[in-house]
Amino acid sequence: MKVFITGIGSGLGKGLAEIFVKKRSEVYALGRKIPEDLIGKVTFEKCDLQRLEYISTSLEKLLSNVESLDLIILNAGVLTKLKDIHDTPIYEMEMMMDVNVWANKVILDYIIDRNIKVDQIVAISSGASVNGNRGWHGYSISKASLNMLIKLYSREMEDTHLVSLAPGLIMTPMLEEFVLSSDEEKFPSVRRIKSAIKMTPSEAAEKIYNSLHILKTFDSGSYIDIRNI
Ligand SMILES: NC(=O)c1ccc[n+]([C@@H]2O[C@H](COP(=O)([O-])OP(=O)(O)OC[C@H]3O[C@@H](n4cnc5c(N)ncnc54)[C@H](OP(=O)(O)O)[C@@H]3O)[C@@H](O)[C@H]2O)c1
């Protein structure tokens, strides 16, 4: 398989890159950093996805010789510390929109403009895109927007199957740093997440890998929570 993944520096993206390397896939990745154990095993291009104007140049360097891809996983995402939306500055929400939504628009536009044939696209969303729990501010808004972005592109990319996928709870730097350290009295979802079973990044990556064919049975453009399949 030829796979393109965004954000392999840590967490789920690292787990995904590792599993596809293990399965002998050809892995292309875009992100700010590459883990040491993946150097030489993944074709990597450094790119800060918040800097939207540089993404196409990085994609051109990474994918100039690629005519088709079996799978794209739009994994890179950011969350800031949980807080009330009233206390969340717009610039912080704009940063989440840029990385979680608009960077993916730039990537999909590049794929369409370059006429790269893609069989399947999975955008990593979150239960936060539909839950509306207190404290999830611009992250919830950005993931809800991502779900709609994917639905809209599914109408235009007729030969590609696209879904946005909530991957379940995964013990990653994002969860530890911004969720588990938050005030559980003020934000009840934190207490629920603390007591819930969490996957390791490699368990989550394997679950996604094993679900790829099931995802294709849903309508293109769907939002799917992996816990429900
Ligand atoms: N953990 C969970 O329980 C959970 C639940 C639902 C959804 N998710 C989603 O899963 C995805 C992966 O998150 P994670 O939990 O694995 O968190 P993580 O360990 O913080 O990973 C986030 C990834 O996004 C990349 N990234 C962030 N900002 C970037 C930027 N400006 N430019 C390029 N890459 C950037 C990082 O890559 P670099 O380090 O290389 O920059 C990193 O690999 C995200 O979309 C997240 O919203 C996670």
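The sections below set out a description of the structure shown in this document. For clarity, every value in this text was computed on a predicted model and none was experimentally measured. (Residues numbered from 1 in each chain as written. Predicted model: local features only at pLDDT ≥ 70, side-chain atom pairs only at ≥ 80, totals over all residues.)

**Some thoughts on the pairing of strand β5 (residues 117-124)**
Basically, it comes down to this: In this scheme the burial state of a residue depends on its C-beta neighbours within 10 Å: 20 or more other such atoms mean buried, 12 or fewer mean exposed, and anything in between means partly exposed; the C-beta positions come from the backbone. Elements are defined by DSSP. Helices are runs of H or I of four residues or more, strands are runs of E of two residues or more, and each kind is numbered from the N terminus. Strand pairing is assigned whenever DSSP identifies at least 2 bridges connecting the two strands. Think of it like this: strands point away, you trace from the first strand over the helix to the second, and a clockwise trace means the crossover is right-handed.
With 6 of 8 residues buried, β5 lies mostly within the body of the structure. The pairing of strand β4 (residues 68-74) with β5 spans 6 bridges and is classified as parallel. Across the sheet, leucine 71 pairs through a bridge with glutamine 120, a residue of β5. Once the chain exits β4 it traverses helix α3 (residues 90-113) before rejoining the sheet at β5, and the crossover so formed is right-handed. With 5 bridges connecting them, β5 and strand β6 (residues 161-166) associate as parallel partners. Counted as the bridge partner of glutamine 120 is histidine 161 from β6.

**Section: the pairing of strand β1 (residues 2-6)**
When you tally the buried positions in β1, you get 4 out of 5 residues, the bulk of the element. Inspection of the sheet shows β1 paired to strand β2 (residues 26-31) by 5 bridges, in the parallel sense. For isoleucine 5, the partnering residue across the bridge sits in β2 and is alanine 29. Since β1 and β2 lie parallel, the crossover through helix α1 (residues 11-22) that links them has a hand, and here it is right-handed. Where β1 and β4 come together, 3 bridges link them in parallel fashion. In the strand pairing of β4, phenylalanine 4 is matched with isoleucine 72.

**Things to note about the sheet that holds β1**
Note the threshold: As a rule, the C-alpha atoms of each element are fitted with a line to give its axis, helices using only the stretch in contact, and angles between N-to-C directions run from 0 to 180 degrees. Note that contacts rest on C-beta atoms placed from the backbone: two residues are in contact if these are within 7 Å.
Taken together, 7 strands build an open sheet; the order of strands is β3-β2-β1-β4-β5-β6-β7 and the sheet is parallel. Of all strands in the sheet, those bounded by a partner on one side alone are β3 (43-46) and β7 (222-225). Averaged over all neighbouring strand pairs, the angle between strand axes comes to 20°, with direction disregarded. In the packing of α1 onto the sheet, the strands contacted are β1, β2, β4 and β5, and the crossing angle to β2 comes to about 160°.

**As for the site of the ligand**
To keep it simple, the criterion reads: Any residue whose C-beta atom, as set from the backbone, lies within 6 Å of a molecule or strand is reported as near that molecule or strand. All residues other than Ala, Val, Leu, Ile, Met, Phe, Trp, Tyr, Cys, Pro, Asp, Glu, Lys and Arg, Gly among them, are scored as polar; the first ten of these are nonpolar and the last four charged.
If you check the shell around the ligand, you find 28 residues, and the closest are Gly7, Gly9, Gly11, Arg32 and Gly77. Secondary-structure elements contributing two or more residues to the shell around the ligand are α1 and α6 (173-179). Looking at the shell around the ligand, its residues break down into 14 nonpolar, 11 polar and 3 charged.

**So, the nonpolar core**
Selection rule: Only buried residues count toward a nonpolar core: Ala, Val, Leu, Ile, Met, Phe, Trp, Tyr and Cys, linked into one set through C-beta atoms within 7 Å.
Counting residues in each nonpolar core, the largest one holds 56 residues, and the members touching the most others are Ile5, Leu16, Ala29 and Ile73. Those residues in contact with alanine 29 that sit more than four places away from it in its chain are Ile5, Ile8, Ala17, Ile34, Val42 and Phe44.

**A few points about unusual backbone geometry**
The phi angle at asparagine 115 is positive, at roughly 60°, despite the residue not being glycine. On the secondary structure map, asparagine 115 appears in the loop between α3 and β5. For asparagine 115, a count of 8 C-beta atoms within 10 Å gives the class exposed.

By themselves, these observations are geometric and do not establish any function.
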